[in-house]
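As a plain string of letters, each chain reads:
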Amino acid sequence: MILVTGATGNIGSALLGELGGGGAGPLRGFTRDAARAAFPEGVEAVEGDLADPVALKSALDGVRSLFLVSRLGSDADILDAARLAGVEHVVLVSSITVQTHPRLGPAGENLAVERLLQDSGMAWTILRPTQFASNAAMWAASIRAGAGVRAPYADTGLPTIHPADIASVARVALTEAGHQGRTYALTGPEPVTARQQVEAISAVLGRDVPFKEISRQEAHAQMAAVFGAEAAEAVLDVTGGDVNDELLMVRDTVARVTGFPARAFRQWAAENVDIFR
């Protein structure tokens, strides 16, 4: 039995789709609202909150492998419950900022979860993806309204990753030998700037999407209102304000692990064009 947390998210939904079609065995998806979860046929939906010990215990019953998106509950409690339930292997989604920007608060939080897992006694695989292509969805409402996109650091290119590639690496780690005790830094196939992302969205929409570069200060004010000042600072640092060679590096990990090249941003844009219409 494999349990997928974050099962309706960008990574979890893609992972269930891959596992469901590959004869991986019994599958279970953990979701807050089973009635709204469109899981593949054969996936058992378990409804609840990872912060609820009763729901967590029920979800883990009989599970041997766990796909864990951190901070959906107390990660220490989740890992303790998994160990007590007999889980043998955990695949954890962390962040590349653990190695590129260790001074940042979110990176420290991810590192703490990694260490909890490594000290848990269970086998582990850690995935450290870079910026998600799906982050561009935050522009959807503005694009639909015809207002275009306003973003800082317009010409800083990060090797943005398609969430389905993270799912593909997780699927291999969960179902094939040789990945326990490994940490994988994951990127897309090429750097892509904010300006280029908007150009790709324009191309799949078939209409021009206006783009304007704004200052860090203006971007911080907008982000802080939603995420808080500290989180806004961290996001702005890793999207252009404090980039380094390690963050900008394109890695071939997806292709080496899965046997298939990483998907380009334009593929994500084409697959999700309806959210921008």
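Each remark here, short or long, concerns the structure printed above.
Not measured: the values here are computed from a predicted model. (Residues numbered from 1 in each chain as written. Predicted model: local features only at pLDDT ≥ 70, side-chain atom pairs only at ≥ 80, totals over all residues. Heavy atoms only, no water.)

## So, the side chain of serine 168
- Structurally, the position occupied by serine 168 is in helix 7 (residues 163-175).
- Contact partners of serine 168, with chain neighbours within four places excluded, come to Glu18, Thr258 and Arg263. (Helix = DSSP H or I, 4+ residues; strand = E, 2+ residues; numbered from the N terminus. Contact = heavy atoms within 4.5 Å.)

## Some points on helix 7
- Here helix 7 spans 19 Å end to end across 13 residues, near enough to the 18 Å set by a 1.5 Å rise per residue.
- Restricting attention to buried positions, one finds in helix 7 the residues Pro163, Ala164, Asp165, Ile166, Ala167, Ser168, Val169, Ala170, Val172, Ala173 and Leu174. (Expected span 1.5 Å × (residues − 1). Buried < 20%, exposed > 50% of the residue type's maximum accessible area, 1.4 Å probe, protein only.)

## Some details on the nonpolar core
- Membership of the largest hydrophobic core comes to 28 residues, with the highest contact counts inside it found for Val4, Leu15, Phe67, Leu127 and Leu186.
- Elements supplying a minimum of two residues to this core: strand 1 (2-4), helix 1 (10-20), strand 5 (89-93), helix 7, strand 8 (182-186) and helix 12 (253-258).
- It is helix 7 that contributes the most residues to this core, seven residues altogether.
- Contact partners of leucine 127, with chain neighbours within four places excluded, come to Val91, Leu92, Val93, Ser94, Ser95, Ile166, Val169, Ala170, Tyr184 and Leu186.
- Formed by 23 residues, the second largest nonpolar core is a distinct cluster that contains Val46, Leu68, Leu79 and Leu92. (Core = buried A, V, L, I, M, F, W, Y, C linked by side-chain atoms within 4.5 Å.)

## What about the side chain of aspartate 165?
- Tracing the backbone through its elements, the reader meets aspartate 165 in helix 7.
- Contact partners of aspartate 165, with chain neighbours within four places excluded, come to Val254, Pro261, Ala262 and Arg263.

## Things to note about helix 9 (residues 216-227)
- Relative to the 16 Å expected for 12 residues at 1.5 Å per residue, helix 9 spans 15 Å between its end C-alpha atoms, a close match to the ideal helical length.
- Listed as buried for helix 9 are Ala219, His220 and Met223. Viewed along the axis of helix 9, the buried residues span an arc of 100°, placing them on a single side of the element. Within helix 9, the exposed residues directed more than 90 degrees away from the buried face are Gln217 and Ala225.
- Considering only its buried residues, helix 9 is in contact with helix 10 (229-241).
- Just downstream of helix 9, glycine 228 is the residue with a positive phi angle, here 100°. (Arc of directions from axis to C-beta.)

## Observations regarding the packing of aromatic side chains
- What the rule picks out here adds up to two aromatic pairs.
- Seen from their ring centres, phenylalanine 265 and tryptophan 268 are 5.7 Å apart, and the 35° between their planes marks the pair as tilted. Placement of the pair is phenylalanine 265 and tryptophan 268 together in helix 13 (residues 265-271), with a separation of three residues, close to one helical turn. For the pair phenylalanine 265 and tryptophan 268, one class covers both residues: buried.
- On the basis of an interplanar angle of 75° and a centroid distance of 6.0 Å, the ring pair of tryptophan 268 and phenylalanine 276 is categorised as edge-to-face. Here tryptophan 268 and phenylalanine 276 have matching classes, each one buried. (Phe/Tyr/Trp six-rings, centres within 6.5 Å; stacked < 30°, edge-to-face > 60°.)

## Focus on the pattern of salt bridges
- This model, assessed by the stated rule, comprises 19 salt bridges.
- The shortest N-O distance in the salt bridge between aspartate 242 and arginine 103 comes to 3.0 Å. Within this pair, whereas aspartate 242 is found in the loop between helix 10 and helix 11 (245-248), its partner arginine 103 is found in the loop between helix 4 (97-100) and helix 5 (105-118), the two being separated by 139 residues in sequence.
- Residue arginine 103 is classed as exposed on the basis of its relative accessible area, which comes to 57%.
- Arginine 171 is the salt-bridge partner of glutamate 176, the closest N and O atoms lying 4.0 Å from each other.
- A single network of salt bridges, built from pairs that share partners, joins Arg103, Arg216, Glu233, Asp237 and Asp242. (Salt bridge = Lys/Arg side-chain N within 4 Å of Asp/Glu carboxyl O.)

## A word on the sheet that holds strand 1
- An order of 3-2-1-4-5-6-8 is seen for the seven strands of this open sheet, with the pairing classed as parallel. Both edges of this open sheet fall to strand 3 (43-47) and strand 8, since each of them pairs with a single strand only. The sheet shows a mean angle of 20° between the axes of neighbouring strands, taken without regard to direction.
- Judged from the five bridges that link them, strand 4 (residues 65-69) and strand 5 form a sheet pairing that is parallel. The partner of phenylalanine 67 across the bridge, within strand 5, is valine 91.
- Where helix 5 meets the sheet, it contacts strand 5 and strand 6 (123-129), and its direction lies at approximately 160° from that of strand 6.
- Docked against the sheet, helix 7 engages strand 1, strand 4, strand 5, strand 6 and strand 8, running at close to 170° with respect to strand 6. (Pairing = 2+ DSSP bridges. Axes fitted to C-alpha atoms, helices over the stretch in contact; angles between N-to-C directions.)

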